[in-house]
Amino acid sequence: MPWWTDPDSLTPPVTTERLLNALTALFKQDLRQIGPGQWAAAVWHHPVRLSVHDDGALLHVESLYGAAVVTDADPLRAHIQATNAGHWLSSIRLVPTDTGRRILASSWTPLMIGAEEEQLRSTLGTVIGSTVGPLNDLAEERGLPAAEPVDDVAAAAAAWEALEAGRARYEAGRARFEASLARARSEPERPWPDRSAGKEI
């Protein structure tokens, strides 16, 4: 007897295949795989990255605020904290890259108890909307420059590739700086030359 007619049957488990099918139908677009367990999509003109863990038991949703780069982060932190306080499903943070900080929203959703199809689509719609939406709220409150629209999966995949490349360059630069600082600290202090030598007193 199928689970939907058997009251004693377990709720169907959420698998990676079910998640991808539901997300494809929700976005009305094909997703593009950009890494192991990761797919890109375009939602509300923003690039979205979906990371599936434990074969669908845990979903990590991330959304990036266009290509905007924050060079002066301090004035923005209070607005981010206020925005996070009003959106309990997701949080926004600043991610360092080699050109400045990028604005990233993310959320984690456990799905290990399973879900029926309608319940799964509703949950995904709520989670993704609650991840992408706060970026627009923050932009309006802070008067951020309008993000360049990302409306197709190819552009979304390219946005995530550019972000990760920028983060890698930032980390490489920081590692070089820390290595040179450690070398400088390990070198013995050089004595100052005696500038009085050879002078009459």
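Above this text is the structure in question.
Rules behind the numbers
Residues numbered from 1 in each chain as written. Predicted model: local features only at pLDDT ≥ 70, side-chain atom pairs only at ≥ 80, totals over all residues. Heavy atoms only, no water. Axes fitted to C-alpha atoms, helices over the stretch in contact; angles between N-to-C directions. Helix = DSSP H or I, 4+ residues; strand = E, 2+ residues; numbered from the N terminus. Left-handed = near helix turned anticlockwise from the far one by under 90°. Contact = heavy atoms within 4.5 Å. Nonpolar A, V, L, I, M, F, W, Y, C, P; charged D, E, K, R; others polar. Buried < 20%, exposed > 50% of the residue type's maximum accessible area, 1.4 Å probe, protein only. Polar contact = N/O pair within 3.5 Å; in protein donor to acceptor, adjacent residues only side chain to side chain. Core = buried A, V, L, I, M, F, W, Y, C linked by side-chain atoms within 4.5 Å.

Undergrad: It is not clear to me how the packing of helix H1 (residues 16–27) against helix H3 (residues 117–142) should be interpreted in this structure. Could you clarify?
TA: Helix-helix packing is described using two parameters, namely the angle between the two axes and the distance between the axes. At a minimum axis separation of 10 Å, H1 and H3 run at an interaxial angle of 65 degrees. Judged by the sense of rotation from one axis to the other, the crossing of H1 with H3 is right-handed. Between H1 and H3, the residues in contact are Arg 18, Leu 19, Ala 22, Leu 23, Leu 26 and Phe 27 and Glu 117, Leu 120, Arg 121, Leu 124, Gly 125 and Ile 128, respectively. Within the contact of H1 with H3, the residues separate by chemical class into eight nonpolar, one polar and three charged.

Undergrad: It is not clear to me how the side chain of Gln 29 should be interpreted in this structure. Could you clarify?
TA: By the secondary structure assignment, Gln 29 is in the loop between H1 and strand E1 (32–35). When its relative accessible area of 18% is taken as the criterion, Gln 29 is described as buried. At a separation of 2.8 Å, a polar atom in the side chain of Gln 29 contacts the main-chain carbonyl oxygen of Ala 42.

Undergrad: Would you mind showing me how to read the nonpolar core here?
TA: Across soluble globular proteins, you tend to see nonpolar side chains buried next to one another. In terms of nonpolar packing, the biggest core is built from 22 residues, with Leu 19, Phe 27, Leu 31, Leu 50, Leu 59 and Ile 128 touching the most fellow members. For this core, the elements supplying multiple residues, two or more each, are H1, strand E2 (38–43), strand E3 (46–53), strand E4 (58–64) and H3. Beyond its immediate stretch of four places on either side in the chain, Leu 50 contacts Leu 23, Phe 27, Leu 31, Gly 37, Gln 38, Trp 39, Leu 59, His 60, Val 61 and Ile 128. In this structure, Tyr 65, Ala 73, Ile 92 and Ala 139 belong to the second largest nonpolar core, which totals 14 residues.

Structural measurements only, silent on function.
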